[in-house]
Amino acid sequence: MSSMEIDFKQYQLRCQLRGHEDDVRGICVCGSEGIATSSRDRTVRFWSLDSSDKRKYVSSKMLLGHSSFVGPLAWIAPDEEFPEGGIVSGGMDTMVFVWDLRTGEKVQSLKGHQLQVTGVVLDGGDIISSSVDCTLRRWRKGQPVESWEAHKSAIQAVIKLPSGELVSGSTDTTLKLWRGKTCLHTFSGHTDTVRGLGVMHGLGILSASHDGSIMLWAQSGEVLMVMVGHTSIVYSVDAHGSGLIVSGSEDSFAKIWKDGVCVQSLEHPGCVWDAKFLENGDIVTACSDGVVRIWTVDQENIADPVELEAYASELSEYKLSRKSVGGLKLVDLPGLEALQIPGTSDGQTKIVREGDNGVAYSWNMREQKWDKIGEVVDGPDDSMKRSVLDGVQYDYVFDVDIGDGEPIRKLPYNRSDNPYDTADKWLLKENLPLSYRQQIVEFILQNTGQKDFNIDPTFRDPYTGSSAYVPGQPSYASGIAAKPTFKHIPKRGMLVFDAAQFDGILKKISEFNNTLLADSEKKDLSLTEPEISRLGAIVKILKDTSHYHTSRFADVDIALLLKLLKSWPVAMIFPVIDMLRMTVLHPDGAIVLLRHVEVNDVVMEMIMKATTDPALPANLLTSIRAVTNFFKNSSYYSWLQKHRSDILDAFSSCLASPNKNLQLAYSTLILNYAVLLIEKQDEEGQSHVLSAALEIAEQETLEIDSRFRALVAIGSLMLEGLVKKLAMDFDVGNIAKAAKASKEAKIAEIGADIELLTKQS
């Protein structure tokens, strides 16, 4: 059957969940409650439906406890012990943790595996975990019950079938079916590591492999279907009740399959570590760029055109960064300005980037000019000599023998790659200890003849403590071109002030209220008993963060806060502003408030009242933090953009204040504005924010975090905004140089990022 005959609706981007700071490794669909994701940034995040926009999800919990990257996840449905459900996570740190979603706390730490945990699954009340240490372990009520060596090589995945049996997949290329500790069947058919497993209800078991294929097996062991289409390692596979299958791969695609035919490929700006179906048929993908994406066929839920366009340009930039010309990466080639530098000898050649192409020039000594030779292409001879692995060409593909009876592994390498980078990625992909890194690097250097690659002894690897390549540092070999990697830019997501002393706030309001009651002229401004209890009810909602996705505000709640802001004496409004600051972080609170902002702009009125000279420091601090928190909710983006000039002018005095909290709040406001205006491509706004950020960054005596945030704003605006040339005119190079010389590591790092930007064309 041709794919044209298959009745299939195309998936499109629904939303992007940003929050993780590194590769998103795993996805767990938690019924209709939400989605949990795990990352190389050592965190697990829980995402709930955004009450203000049903297309989107918001991060409602961050689970912190793993000391290295987190992989597999499982969902504990709500019960007596976990009224809001729980999460089981496994990590590179060999630990299995159980988390209570109501509190966000870790309630069990299961220690026993010797190496990375690769799979976790629930079996009744028990937890089953798999590991690179070749064992499966069963845990009950936080205690080990049994463990057995299930394969002779690393186990990469474990699942439970509806019929109750377990299935494990291993580096030994097989799957095994288990009833208890008894192996009922060994499935042989893949030619490389079995990396991911899934259940196809009513049909059988799905497996994803490093050999690039996906197989569907009957429980009896026969292969029912083989799906081939990925050009690299397939990491994950999942099925939906509709009969669709989704797979995620190193080749940057999530592929959707129907009846064994690939019906759609969803392209990503990086490796797709995991892909799962939601109950409604939408697909969630986890990508190495740190973003979780949801894809839908429902026309009503498709992302708005601006987001779709932004994603398309992100993809084309990513593809451009991977394009190579004559064995050199296109992004590493200098621009046309390189031709302004005279050559040193007649006939000297230089390749420069023109648009999407590399063009060769030759130096004409007599006429003292560069003559164009023509476009550089990878000729047939280049590719004939190159090795191929999983459909991708490399300069070298080495056979690596790990020993210990492990199968021979394939290690691909290009001359333009950094060997440390290659070693890192390969060890993670193959689930091998990072302590092997130095041996792998030396193996690469020896076998490619790069003897002159100097290993810098001062670098330490954060995982293993051994010497390491640090992104953003220069390459140590003439033959190695590393794409510029920035440590702190571009900034993604918004920063907020989300800590509050609610009891102190209520106490202060009550104190001020008593003062008003005692003043015969101002008595009528005071709160009634029902209003005081109303404020208590608001605080109760705000304190219960685990119910933010379901709790609601009445219009009268917000109206009461706004009434106090309007009518109370200016010296008494700061605790009320502080309540407002926390209310805008509540999804529903923000939406109810927005209705008042749209009718008569009470917030701008509050800002003017709080910042009018002589402004009280308490009013200034609470109001600037409140405005900064508005960036948490995209519904306020157009309001923030519209009032940018007034808002920044109102708070510009904060920089000169000796109060460090005010300085930090001001630089956070500037950084959030930078992120927003880059997204909105607002050049005028970016120029305003850039000059404010430069003013902060120039003050070397300023508190570290304030200066750091301003520098991140500058770097992000230069890298992704429209004001790089303007920054150069403002002599940003000197600011970067001064920052780079700082004793504070993060100031020096962001200084190096900006300096690197000034050197790029």
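Residues numbered from 1 in each chain as written. Predicted model: local features only at pLDDT ≥ 70, side-chain atom pairs only at ≥ 80, totals over all residues. Heavy atoms only, no water.

Per an unreviewed UniProt entry, the chain carries the name Phospholipase A-2-activating protein and comes from Gossypium darwinii. Comment text from UniProt for the chain, heading Subcellular location (unreviewed entry), reads "Cytoplasm". (UniProt positions renumbered as here; feature names shortened; annotations may be inferred.)

A.B. asks: Which residues make up the UniProt feature "repeat: WD" (unreviewed entry) in the chain, and what values do they have?
C.D. replies: Here the UniProt feature "repeat: WD" (unreviewed entry) sits at residues 17–57, 87–109, 148–178 and 227–258. For residues 227–258, the end-to-end C-alpha separation is 10 Å, with 0% helix and 59% strand making up the annotated structure. (Helix = DSSP H or I, 4+ residues; strand = E, 2+ residues; numbered from the N terminus.)

A.B. asks: Provide a residue-level description of the environment of S634, including the pertinent values.
C.D. replies: Note on placement: S634 falls in the loop between α11 (617–629) and α12 (637–642). You can call S634 partly exposed: its relative accessible area is 38%. With 31 residues separating them in the primary sequence, S634 and A665 have C-alpha atoms 20 Å apart. (Buried < 20%, exposed > 50% of the residue type's maximum accessible area, 1.4 Å probe, protein only.)

A.B. asks: Lay out the sheet that holds strand β7 (residues 86–91) in plain terms, naming residues and giving numbers.
C.D. replies: The strand order across the open sheet built from four strands is β6-β7-β8-β9, with neighbouring strands paired in antiparallel fashion. Every other strand in the sheet has two partners, leaving β6 (70–76) and β9 (105–110) as the edge strands with one partner each. Between one strand axis and the next, the sheet turns through 25° on average, direction left out of account. Strand direction decides the pairing type here: strand β8 (residues 96–100) and β9, joined by five bridges, are antiparallel. Along β9, the bridge assignment pairs V98 with Q108. (Pairing = 2+ DSSP bridges. Axes fitted to C-alpha atoms, helices over the stretch in contact; angles between N-to-C directions.)

A.B. asks: Describe in detail the domain arrangement of the chain, supporting the description with residues and values.
C.D. replies: Once the domains are mapped, the chain shows domain 1 (25–248), domain 2 (324–375), domain 3 (387–448), domain 4 (497–640) and domain 5 (657–760). Each partner contributes residues to the interface: domain 1 has 17 residues there, and domain 3 has 12 residues. Of the roughly 1200 Å² buried at the junction of domain 1 and domain 3 (both faces included), carbon and sulfur atoms supply 46%. Where domain 1 packs against domain 3, one counts zero salt bridges. For the interface between domain 1 and domain 3, the tally reads zero residue pairs in polar contact (both at pLDDT 80 or more). Residue classes in the side of domain 1 that touches domain 3 are distributed as six nonpolar, eight polar and three charged. (Domains from an automatic or database assignment. Contact = heavy atoms within 4.5 Å. Buried area = accessible area lost by both parts, 1.4 Å probe. Salt bridge = Lys/Arg side-chain N within 4 Å of Asp/Glu carboxyl O. Polar contact = N/O pair within 3.5 Å; in protein donor to acceptor, adjacent residues only side chain to side chain. Nonpolar A, V, L, I, M, F, W, Y, C, P; charged D, E, K, R; others polar.)

A.B. asks: Residue-level account of the nonpolar core, with values.
C.D. replies: Core analysis: the biggest nonpolar cluster contains 100 residues, and I607, L640, I647, F651, Y673 and I714 have the highest contact counts within it. Considering every element that reaches this core, the biggest residue donor is helix α14 (residues 660–679), with 12 residues. Ignoring any residue separated from it by four or fewer positions in sequence, one finds I647 in contact with M604, I607, V627, W639, L640, L669 and Y673. Among the nonpolar cores identified, the runner-up in size contains 17 residues, and F69, F398, Y413 and L445 belong to it. (Core = buried A, V, L, I, M, F, W, Y, C linked by side-chain atoms within 4.5 Å.)

A.B. asks: Before we move on, can you summarise the pattern of salt bridges with the specific residues and values?
C.D. replies: In total, this model carries 33 salt bridges according to the counting rule given. The salt bridge partner of K369 is E367, with a shortest N-O separation of 4.0 Å. Between K563 and E531 there is a salt bridge, and its shortest N-O distance comes to 2.9 Å. Here K563, found in helix α7 (residues 555–567), pairs with E531, found in helix α6 (residues 529–543); they are 32 residues apart in sequence, far enough to count as distant.

A.B. asks: Which residues make up the environment of I750, and what values do they have?
C.D. replies: Take I750: it is sitting in helix α19 (residues 745–759). On the basis of relative accessible area, I750 is assigned to the buried category, the value being 0%. Considered as a pair, I750 and I155 are 595 residues apart in the sequence and their alpha carbons are 40 Å apart. Once residues within four sequence positions are removed from consideration, I750 is found in contact with H488, I489, F708, L711 and V712.

A.B. asks: How would you explain helix α16 (residues 704–720) if you had to name every residue and give the values?
C.D. replies: Taking 1.5 Å per residue, 17 residues should reach 24 Å; α16 reaches 24 Å between its end C-alpha atoms and fits that length. When you tally the buried positions in α16, you get 13 out of 17 residues, the bulk of the element. (Expected span 1.5 Å × (residues − 1).)

A.B. asks: Help me get a handle on the packing of aromatic side chains, residues and values and all.
C.D. replies: Scanning the model with the defined rule gives 10 aromatic pairs in all. Measuring from centroid to centroid gives 5.5 Å for F630 and W639, while their planes differ by 40°, and the two rings are tilted. Just as F630 is buried, W639 falls in that class too. Relative to Y673, the ring of F631 has its centre 4.9 Å away and its plane inclined at 85°; by these criteria the two rings are edge-to-face. Here F631, found in the loop between α11 and α12, pairs with Y673, found in helix α14; they are 42 residues apart in sequence, far enough to count as distant. Joined through ring pairs, the aromatic side chains of F630, Y636 and W639 make up one cluster. The aromatic ring of W273 is capped on one face by R25, whose charged end is 3.7 Å from the ring centroid. (Phe/Tyr/Trp six-rings, centres within 6.5 Å; stacked < 30°, edge-to-face > 60°. Lys NZ or Arg CZ within 6 Å of the ring centre and 35° of its normal.)

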